[in-house]
Amino acid sequence: MEAFILGCGGMQPLPYRHLTSVLLRRDGDLFLFDSGEGTQVSLKRLNLKWKKISAIFISHTHADHVTGLPGILMLNAQVDRTEPLYIYGPPKVKEYVETSRRVLDMYINYPIVVKEIEAPCIVHSGKDFYVRAFPLEHTKTCVGYTLEELDRPGEFNPEKARQLKVPVGPLWAQLQNGFEVQNEEGKTVKPEEVLGPKRSGRKFSFVTDTLYKESIIENVKGSDFLVCEGMFEEALADQAKEKKHMTAMQAAHIAKEAKVKRMCMIHYSPRYTDRELEKLLKEAQSVWPQAELSRDRMHIEIPYED
């Protein structure tokens, strides 16, 4: 699994900073979280296979999180795509997509499925993962997301399999996939006899545009990678609260209390130049030394723990 920061800015794009958008790649599937202005540019510059985006998850319908969406929809129409594109988000996201298609007279040659959600809920799932939405608190309905993988089978022990007289080949694969098999003597061999303890999957979390809430900690707990808003410095905490945003120190507190493995801040106020972002970083690291700044087109590997 790997994440690409397509844009890390909030409110308005800057010459050196696009608006908030994160692409997650997992086993060939691409998932887009928010689609701020400039999303297409970063996709092109990173040479990512955007036509494989299967689902888009929108946190809320403020302009700086959705204005890149019409371009993405039209971009996908430039190729022969038959797979549906799923778009999830809170109320108004369906109206925004449908109005954009109508007013812009979009040529769309593939299915678009828009689902408005009410968090908390499971919004999307696959064979061995699911995406869950949870409520945030902003000036309009806003949600955070986590993509969580199911536990993986324990490590296969070839020597044990041989001792139990299971021949090398397809039967080993069946055991690794959790199925009982018959050995050379016709006796049943169960997966737990040749597999170690289950291993945890990975967890990615995306949180932006919200007041600090204790409930966020529980929702992102144990994330392998957390992308979290850190829009303002602590001196502007009152302004952050008024606008229902978070400070860098609050983002770091969430990362610390949730015991995440890695956290990058995102959605910076345009008042900060790239050089001035170091102020946010220092404040965050005073709470949680591992805190990082995200940057446009930053690439983050999200490996298994074992």
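Each remark here, short or long, concerns the structure printed above.
Residues numbered from 1 in each chain as written. Predicted model: local features only at pLDDT ≥ 70, side-chain atom pairs only at ≥ 80, totals over all residues. Heavy atoms only, no water.

(A) Focus on the packing of aromatic side chains. A full pass over the atoms with the stated rule returns 11 aromatic pairs. The interplanar angle of 65° and the centroid separation of 6.0 Å between the aromatic rings of phenylalanine 33 and tyrosine 145 together place this pair among those described as edge-to-face. Placement of the pair is phenylalanine 33 in strand β3 (residues 29–33) and tyrosine 145 in strand β9 (residues 143–149), with a sequence separation of 112 residues. Judged by its relative accessible area of 0%, phenylalanine 33 is buried. Accessibility expressed as a relative area gives 0% for tyrosine 145, which makes it buried. Over the ring of tyrosine 110 we find arginine 81, and its NZ or CZ is 5.4 Å from the ring centre. Over the ring of tyrosine 304 we find arginine 202, and its NZ or CZ is 3.8 Å from the ring centre. (Phe/Tyr/Trp six-rings, centres within 6.5 Å; stacked < 30°, edge-to-face > 60°. Helix = DSSP H or I, 4+ residues; strand = E, 2+ residues; numbered from the N terminus. Buried < 20%, exposed > 50% of the residue type's maximum accessible area, 1.4 Å probe, protein only. Lys NZ or Arg CZ within 6 Å of the ring centre and 35° of its normal.)

(B) Structural view of unusual backbone geometry. Geometrically, the link from alanine 119 to proline 120 is a cis peptide bond, its omega value of 5° lying close to zero. Relative to the elements of secondary structure, proline 120 occurs in the loop between β6 (112–116) and β7 (121–125). One non-glycine residue, methionine 11, adopts positive backbone phi at about 75°. Checked against the element boundaries, methionine 11 lands in the loop between β1 (2–7) and β2 (21–26).

(C) Just the packing of helix α9 (residues 248–258) against helix α10 (residues 277–287), in detail. Where α9 meets α10, the closest approach of the two axes is 8 Å, and the angle between their N-to-C directions is 35°. When the axes of α9 and α10 are compared, the crossing they make is right-handed. Within the contact between the two elements, α9 uses Ala248, Met249, Ala252, His253 and Lys256 and α10 uses Leu280, Glu283, Ala284, Ser286 and Val287. When grouped by side-chain class, the residues that make up the contact of α9 with α10 number six nonpolar, two polar and two charged. (Axes fitted to C-alpha atoms, helices over the stretch in contact; angles between N-to-C directions. Left-handed = near helix turned anticlockwise from the far one by under 90°. Contact = heavy atoms within 4.5 Å. Nonpolar A, V, L, I, M, F, W, Y, C, P; charged D, E, K, R; others polar.)

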